[in-house]
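Listed below, chain by chain, are the residues.
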Amino acid sequence: MISYKDAGVDIDAGNNFVETIKPYVKSTFTPLVLGGIGSFSGALRLPSGYQKPAILGATDGVGTKLRLAIDAQNFDTVGQDLVAMCVNDLICNFATPLFFLDYYATAKLDIASAAKVVKGIAEGCKLAQCALIGGETAEMPSMYEKGDFDLAGFAVGIAEEDEIDRTKFVRKGDVLIALPSSGLHSNGFSLARKVVSELGLKFDEKIGDRTLIDTLLEPTRIYVKEFLALKDKISALAHITGGGIVENLPRVFPNGLGAKVQKDALNSPEIFKILARKVTHGEMMRTFNMGVGMVLVVPKENVDYVLENSDGYVIGEVVNGKGVELI
């Protein structure tokens, strides 16, 4: 007779994994969480105080940054990347993150490495002030090569219905304030990996006082804390992911408005200068965040407050027109 384990799926390993990650999951629970761990679904009560509450959802992955993590056998931070890519989208529609779900698929479950990933997800959830209330782990030996795995994340938040569409709040003359990224975040890694390979760079080479691999795997910054502190002072937010500033910033503008962005104002870390050895400026701007993880659109009267209460800096302004003009 053939067992499920003989076919490549170990139910006992899955059960042991659940027991291993329970402390990480429980550490993210907020007062809104209903029940514990181990039911068929997660539950959470809606917070009070909303006039016209709306539920928003966002989903994403980590992309080929995972390939680097697997090659380097460093799984400590990709979980935070997963959370960040979802919750940073939610706040752009003025949604406060409530809870997070994850999906982890692999050829064969390695409890130690998978637990590191989930620990990173839990750390990300705590930074985002939301609860990790559920997830799924799938062993699929016919779908993945040995040692490989993939991640997907799903975040749900709550917002006032009238505050979701930020384009109606943006005005000509609003100031663009950049919040620095922590590095490449989780976009453009197929190109970044190709450049690193063609330049012949090694993971242990130093960029400043850090190794190349640590620089590349630096976890994506989570901007929920800044959003909650500044939401009453800003008109809109743009999460700078794939497509860069030139493609993401216009998503928050109404028809007839665009932006002028000062290229020289962008504070780009050394890793972007290294990648630019093999990539044109235009391609860099359309692929990478160039050191800017989030752009805040701020009325002039609130600029001083935002600058004093964040690590942001001015990069441009909203003007008549369309798209982003780099000057």
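In case you missed it, the structure is sitting above this.
Model, not experiment: these values are computed from the prediction.

Definitions and limits used
Residues numbered from 1 in each chain as written. Predicted model: local features only at pLDDT ≥ 70, side-chain atom pairs only at ≥ 80, totals over all residues. Heavy atoms only, no water. 1 Å grid on protein atoms, 1.4 Å probe; cavity = no way out; pocket = protein on both sides within 12 Å on 5 of 7 lines; lining within 4 Å. Points joined across faces, edges and corners; volume = space filled by probe spheres on them. Helix = DSSP H or I, 4+ residues; strand = E, 2+ residues; numbered from the N terminus. Nonpolar A, V, L, I, M, F, W, Y, C, P; charged D, E, K, R; others polar. Pairing = 2+ DSSP bridges. Axes fitted to C-alpha atoms, helices over the stretch in contact; angles between N-to-C directions. Phe/Tyr/Trp six-rings, centres within 6.5 Å; stacked < 30°, edge-to-face > 60°. Lys NZ or Arg CZ within 6 Å of the ring centre and 35° of its normal. Disulfide = S-S within 2.5 Å. Buried < 20%, exposed > 50% of the residue type's maximum accessible area, 1.4 Å probe, protein only. Contact = heavy atoms within 4.5 Å. Expected span 1.5 Å × (residues − 1). Salt bridge = Lys/Arg side-chain N within 4 Å of Asp/Glu carboxyl O.

**Quick look at the layout of surface pockets**
- In this model, the largest pocket occupies a volume close to 770 Å³.
- Forming the boundary of the largest pocket are 31 residues, of which V18, I21, G135, E136 and T137 lie nearest the centre.
- Only α1 (11-26), β4 (96-106) and β5 (131-139) provide two or more residues apiece to the lining of the largest pocket.
- Considering each element in turn, the lining of the largest pocket owes the most residues, 9 residues, to α1.
- In terms of residue class, the lining of the largest pocket is built from 15 nonpolar, 10 polar and 6 charged.

**So, the sheet that holds strand β11 (residues 257-261)**
- Across the sheet, 6 strands lie side by side as β10-β12-β7-β13-β11-β14; this open sheet has mixed pairing. Bordering the open sheet on either side are β10 (236-239) and β14 (324-326), each of which pairs with just one other strand. Taken over all neighbouring pairs, the strand axes of this sheet differ in orientation by 25° on average, direction set aside.
- In the sheet, strand β7 (residues 175-180) pairs with strand β13 (residues 313-320) via 4 bridges, with the strands oriented antiparallel.

**Looking at the packing of aromatic side chains**
- Applying the stated criterion to the full structure yields 4 aromatic pairs.
- Directly above the aromatic system of Y305 lies the positively charged group of K233, at a separation of 5.0 Å from the ring centroid.

**So, the state of the cysteines**
- Counted by the stated rule, this structure contains 0 disulfides.
- Cysteine C92 shares no disulfide, and the gap to the nearest cysteine sulfur, in C86, comes to 12 Å.
- Note on C130: no disulfide assigned, nearest cysteine sulfur contributed by C125 at a separation of 4.1 Å.
- For C130, a relative accessible area of 1% gives the class buried.

**Considering the side chain of T241**
- With respect to the secondary-structure elements, T241 resides in the loop between β10 and α8 (244-248).
- With a relative accessible area of 13%, T241 lands in the buried category.
- Ignoring anything within four residues of it in the chain, the contact list for T241 reads M85, N187, N248 and T287.

**Quick notes on helix α3 (residues 78-90)**
- In a regular helix each residue adds 1.5 Å, so 13 residues correspond to 18 Å; α3 covers 19 Å between its end C-alpha atoms and thus fits that length.
- Of all 13 residues in α3, 12 are buried, a share of seventy percent or more.
- Burial in α3 covers these residues: V78, G79, Q80, D81, L82, V83, A84, M85, C86, V87, N88 and L90.

**Considerations on the pattern of salt bridges**
- This model, assessed by the stated rule, comprises 14 salt bridges.
- A salt bridge links K194 to E198; the nearest nitrogen and oxygen atoms lie 3.4 Å apart. Taken together, the residues span about one helical turn, with K194 and E198 both in helix α5 (residues 189-199) at a distance of 4 residues.
- With a relative accessible area of 52%, K194 lands in the exposed category.
- A residue is classified by how much of its surface remains accessible, and E198, at 46% relative accessible area, is partly exposed.

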